[in-house]
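So the chains spell out like this:
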Amino acid sequence: MKIITIEEEAWQQLNSRINAIADYLKRLENTSYDDLWLNNHEVCQYLHISEKTLCRMRTKGEIAYSKIYGQYFYTIGAIKDMLNANAIQSSDEYVQELMAKGKTYIEKGRKLKSGKQ
């Protein structure tokens, strides 16, 4: 094992640089997209819904939006809030049944694909 010695001032400078890098990386990790604005088309693609459905959601007050010069904009945070507000709580039995159905669906899909080859 080698021992390296440096002056206290150099150590403090090195330590402060390492801390600055760590703080920068923490800020990058905490970047949230909740404040990012999306237009109608992007929201429809994201949620896999039509623009008419999105219009109905706006009219019913189910999703928060802003209107600027006739165009509608939504934050990702507002979309998450709407999805969470409409989330359905399910029992463990329902989840297990859903997983079994999904597994069956995947297996059938794989059999169909392998049969075509």
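These notes cover the structure that comes with them. (Residues numbered from 1 in each chain as written. Predicted model: local features only at pLDDT ≥ 70, side-chain atom pairs only at ≥ 80, totals over all residues. Heavy atoms only, no water.)

**Digging into the packing of helix H2 (residues 40-47) against helix H4 (residues 76-85)**
For clarity, the threshold we go by: Note on geometry: axes are C-alpha line fits, over the in-contact stretch for helices, and angles between N-to-C directions span 0 to 180 degrees. Counting from the N terminus, the helices are DSSP H or I runs at least four residues long and the strands are E runs at least two residues long. Left-handed describes a crossing in which the near helix is turned anticlockwise from the far one by less than a right angle; the clockwise case is right-handed. Only heavy atoms matter for contacts: two residues are in contact if any of them lie within 4.5 Å across the pair. Any residue that is not Ala, Val, Leu, Ile, Met, Phe, Trp, Tyr, Cys, Pro, Asp, Glu, Lys or Arg is counted as polar, Gly included; the first ten are nonpolar and the last four charged.
The N-to-C vectors of H2 and H4 enclose an angle of 40 degrees; their axes lie 12 Å apart at closest approach. Helix-helix and strand crossings are classified by hand; for H2 and H4 the assignment is right-handed. Contacts between H2 and H4 involve Val43, Tyr46 and Leu47 from the first element and Ile79, Met82 and Leu83 from the second. A class-by-class count of the residues in the contact of H2 with H4 yields six nonpolar, no polar and no charged.

**Observations concerning the sheet that holds strand E1 (residues 37-39)**
For the record, the criterion: Paired strands, in this sense, are two strands between which DSSP finds at least two bridges.
One open sheet holds the three strands; their spatial order is E1-E3-E2, and the pairing between them is antiparallel. Each end of this open sheet is capped by a strand with a single partner; those strands are E1 and strand E2 (66-68). Along the sheet, successive strands turn relative to each other by an average axial angle of 35 degrees, direction set aside. In the sheet, E1 pairs with strand E3 (residues 71-75) via three bridges, with the strands oriented antiparallel. Each residue of the ladder has a partner; that of Trp37, found in E3, is Thr75. Lying over the sheet, H2 contacts E1 and E3, oriented at roughly 90 degrees with respect to E1.

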